[in-house]
Amino acid sequence: MTSRVLCKVNRLLEQAAATRPVLGLDTSTPIASLAVIAHGTIAASVARPVTSHGAALPGAVAELLSAAGLAIGDLGAIAVGTGPGSFTGLRIGLSYAKGIAMASRCALVGVPSFDAMALAALERNNTDPGRLVCVVVDARKNEVYAALYRVVADGLEKLSEEVVIALERLASRVTGDVMFVGDQRAKEAAALVESDGHRVTLCETGTLDLRGVCAAAIGAARFARGETDRAAALEPLYIRTPEATFKPTKKNPAGIGTEGVWSIERKNSFGSI
């Protein structure tokens, strides 16, 4: 279940102030990012590069809970990044989250990793409503994962679903005032869009460190509303499926500065763009 509007972290914390503690984690990139939300505050957070999420995750969670003065049994919910991103990292993160949820009987909330990244970009960069935020991460095979958001008065509106696409095709579809966030491929996308004369801002790579905080905040607010996921039904958002498409959620308002909102077919179907 995905909301189309993402509130800023402070609003999400207010919404979750009365809930039990929520652990958030995202393992979609080589940087493991985790946080605990408790009583409407960020009780603890950690982000670090890892060579193996499977080996590092249990210790990182133990360290995080200790810093927050909590135990696994104190958790009301665990919010986990669902991707897109590293296939192995996503499987490890979801398996670990499901295990905790089953063992402790806490709730489980899946959070799209790009929602957390886009919100992290907004937290790190004060920007005016109407600006676009484009999340771009390497998908290998000469492609990238991407999703498009627009800054609104109190957060972000998600304009598209996540897509896998060639970088050059992505850059040709993004116009206007755009803030890019992601890995090295986001930097490449920003350079291409800027070379076409558009206004571009590139978020620092360190913005990805906030993914755990944002995932925890989004998950805590959903938990407070009773919007949780069944472990058996929650799956990684891999994106690479033959029939998947990239569709706008609504018509793009005039003046937003992009060629409509993309309608891009994935995998071997770019001739219709």
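Our subject is the structure that appears above.
Residues numbered from 1 in each chain as written. Predicted model: local features only at pLDDT ≥ 70, side-chain atom pairs only at ≥ 80, totals over all residues. Heavy atoms only, no water.

A.B. asks: Where do I start with the overall build of the protein in this structure?
C.D. replies: Each helix and strand in the protein was counted, giving seven helices and 14 strands. Looking at the protein residue by residue over its 273 residues, the buried ones come to 55%. A total of about 11500 Å² of accessible surface is found on the protein, and carbon and sulfur atoms cover 51% of it. (Helix = DSSP H or I, 4+ residues; strand = E, 2+ residues; numbered from the N terminus. Buried < 20%, exposed > 50% of the residue type's maximum accessible area, 1.4 Å probe, protein only. Areas by Shrake-Rupley, 256 points an atom, 1.4 Å probe, with all protein chains shown as cover.)

A.B. asks: Help me understand the packing of aromatic side chains, please; the structure alone is not making it clear to me.
C.D. replies: Think of a pair of aromatic rings as described by two things: how far the centres are apart, and how the planes are tilted against each other in angle. In total, this model carries one aromatic pair according to the counting rule given. Taking 4.5 Å as the distance between ring centres and 40 degrees as the angle between the ring planes, the aromatic pair formed by F87 and Y238 counts as tilted. One end of the pair, F87, is in helix 3 (residues 87–104); the other, Y238, is in the loop between helix 7 (211–224) and strand 13 (245–246), and 151 residues separate them in sequence. Overall, Y238 belongs to the partly exposed group, its relative accessible area being 24%. (Phe/Tyr/Trp six-rings, centres within 6.5 Å; stacked < 30°, edge-to-face > 60°.)

A.B. asks: Mind showing me how you'd approach the environment of E161 here?
C.D. replies: Structurally, E161 is set in the loop between strand 9 (155–158) and strand 10 (163–165). For E161, a relative accessible area of 31% gives the class partly exposed. The spacing of E161 and R4 is 157 residues in sequence and 9.9 Å in space, taken between C-alpha atoms. Within the local environment of E161, its side chain forms a polar contact with the side chain of R4, the two groups lying 2.9 Å apart. (Polar contact = N/O pair within 3.5 Å; in protein donor to acceptor, adjacent residues only side chain to side chain.)

A.B. asks: In this structure, what is going on with the sheet that holds strand 6 (residues 107–111)? I would like to understand it.
C.D. replies: Two strands in a sheet stick together by hydrogen bonds in their backbones, pointing the same way (parallel) or opposite ways (antiparallel). As summarised here, the arrangement of the five strands in space is 4-3-2-5-6, forming an open sheet in which the pairing is mixed. A single partner strand is all that each edge strand has here, and the edge strands are strand 4 (41–49) and strand 6. Going from strand to strand, the sheet's axes swing by 15 degrees on average, the running direction of each strand aside. Contacts from helix 7 reach strand 2 (22–26), strand 3 (31–38), strand 4, strand 5 (77–81) and strand 6, with the element oriented near 40 degrees to strand 3. (Pairing = 2+ DSSP bridges. Axes fitted to C-alpha atoms, helices over the stretch in contact; angles between N-to-C directions. Contact = heavy atoms within 4.5 Å.)

A.B. asks: So what exactly am I meant to see when it comes to the pairing of strand 5 here?
C.D. replies: When you tally the buried positions in strand 5, you get five out of five residues, the bulk of the element. Along strand 5, one buried face is formed by A77, A79 and G81 and the opposite face, lined by I78 and V80, is buried too. By the bridge criterion, five bridges tie strand 5 to strand 6 in an arrangement that is parallel. Note on strand 6: the bridge partner recorded for A79 is V109. A crossover connection joins strand 5 to the parallel strand 6 through helix 3; in handedness this β-α-β unit is right-handed. (Right-handed = clockwise from strand over helix to strand, strands pointing away.)

A.B. asks: Any chance you could explain unusual backbone geometry here in plain terms?
C.D. replies: Across the chain, the bulk of peptide bonds are trans and the bulk of non-glycine residues have phi less than zero. Here the amide bond leading from G83 into P84 is cis, since omega sits at 5 degrees, within 30 degrees of zero. Within the secondary structure, P84 sits in the loop between strand 5 and helix 3. Although it is not a glycine, H39 adopts a positive phi angle of roughly 55 degrees. Here H39 is to be found in the loop between strand 3 and strand 4. Notably, R105 is not glycine yet its phi reads approximately 60 degrees, a positive angle. Take R105: it is sitting in the loop between helix 3 and strand 6.

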